[in-house]
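# Structural characterization, general
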Amino acid sequence: MIAIGCDHAGVEMKKYIIETLALEGFDMLDLGTDGEPCDYPDMAEKVCQKVTSGECEKGILICGTGIGMSIAANKIKGIRAALCTDSFSTKYTRLHNDANVMCLGARTLGCGLAAELVQIFLTTGFEGGRHQRRVDHITGLENK
Ligand code: RB5
C-alpha cells in the first residue's frame with residue numbers, strides 16, 4: 001500500500017497519479033486533501049505516519065513546489081524524503097538513499113512527468129552494500 005497526500009496546490013496532480021497508478025495495479029491510500037485548504041506540514045505528518053508505522057511501504061507528498069513537503073517530512077524520524085524532479089535523481093534516490101517518501105511539485109512539474117517519476121520511485125529497489133552504511137549513518141544523525 002502506498003500513502004499519498006497533498007495540500008490544496010496538489011489536488012489535481014494527486015488525482016491524476018492515483019488514476020494512472022491504479023491502472024498499473026498499485027494500491028493507493030488517499031489521505032486528502034480533496035480541495036479544502038490545508039497546511040502542508042499536517043499532510044506530511046499524516047502520510048509519513050503511515051510509512052513509519054509500517055502500514056504503507058512508501059509515501060507520496062505533493063505541494064506547490066514539493067519543497068515544503070520535503071522539509072517537513074525530513075523532520076520525522078525514519079523518513080528519508082526526496083524531492084523528485086527528474087528520472088535520474090528519482091532512480092538514484094531509491095538505489096542509493098533508500099528514500100521512502102517522494103515529494104513532487106504540482107506547480108513545477110506536469111502530471112505526465114510526475115506519474116512517470118512515481119512509477120520509477122515505486123519500482124526501483126535499494127542497492128544496499130556501501131549505501132546501507134551511509135543510510136545507517138543518516139539514521140544515526142536522527143538519534144543525536
Ligand atoms: C501553498 O500555496 C504552497 O506554499 C505550498 O503548496 C508549497 O509550495 C510549499 O512548499
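Everything numeric here is computed off the predicted structure, so don't read it as measured data.

Each value, and the rule that gives it
- Residues numbered from 1 in each chain as written.
- Predicted model: local features only at pLDDT ≥ 70, side-chain atom pairs only at ≥ 80, totals over all residues.
- Heavy atoms only, no water.
- Axes fitted to C-alpha atoms, helices over the stretch in contact; angles between N-to-C directions.
- Helix = DSSP H or I, 4+ residues; strand = E, 2+ residues; numbered from the N terminus.
- Parallel < 35°, antiparallel > 145°, perpendicular 65-115°, else oblique.
- Left-handed = near helix turned anticlockwise from the far one by under 90°.
- Contact = heavy atoms within 4.5 Å.
- Nonpolar A, V, L, I, M, F, W, Y, C, P; charged D, E, K, R; others polar.
- Buried < 20%, exposed > 50% of the residue type's maximum accessible area, 1.4 Å probe, protein only.
- Right-handed = clockwise from strand over helix to strand, strands pointing away.
- Pairing = 2+ DSSP bridges.

Turning next to the packing of helix H4 (residues 87–95) against helix H5 (residues 111–123). Axis separation between H4 and H5 bottoms out at 8 Å; the angle between their running directions is 20°. By the angle between their directions, the pair H4 and H5 is classed as roughly parallel. Pair H4 / H5 crosses with right-handed handedness. Within the contact between the two elements, H4 uses Ser87, Thr90, Lys91, Thr93 and Arg94 and H5 uses Leu117, Ile120 and Phe121. Looking at the contact of H4 with H5, its residues break down into three nonpolar, three polar and two charged.

Let's shift gears to the environment of Val118. Residue position: Val118 is located in helix H5. By relative accessible area, which is 0% here, Val118 ends up buried. In the structure, Val118 is positioned 16 residues away from Met102 in sequence and 7.9 Å away in space, judged by C-alpha atoms. Apart from the residues lying within four places of it in its own chain, the contact partners of Val118 are Ile17, Leu21, Ile60, Met102 and Leu104.

Here strand S1 (residues 2–6) lies mainly inside the structure; five of its five residues are buried. Alternating positions in S1 separate into two faces, Ile2, Ile4 and Cys6 on one and Ala3 and Gly5 on the other, with burial throughout. Crossover connection from S1 via helix H1 (residues 11–23) to parallel strand S2 (residues 28–30): handedness right-handed. Sheet analysis places S1 next to strand S3 (residues 58–63), joined by five bridges and oriented parallel. Pairing of Ile2 across the sheet is with Lys58, part of S3.

Any link to function would need more than the numbers given here.
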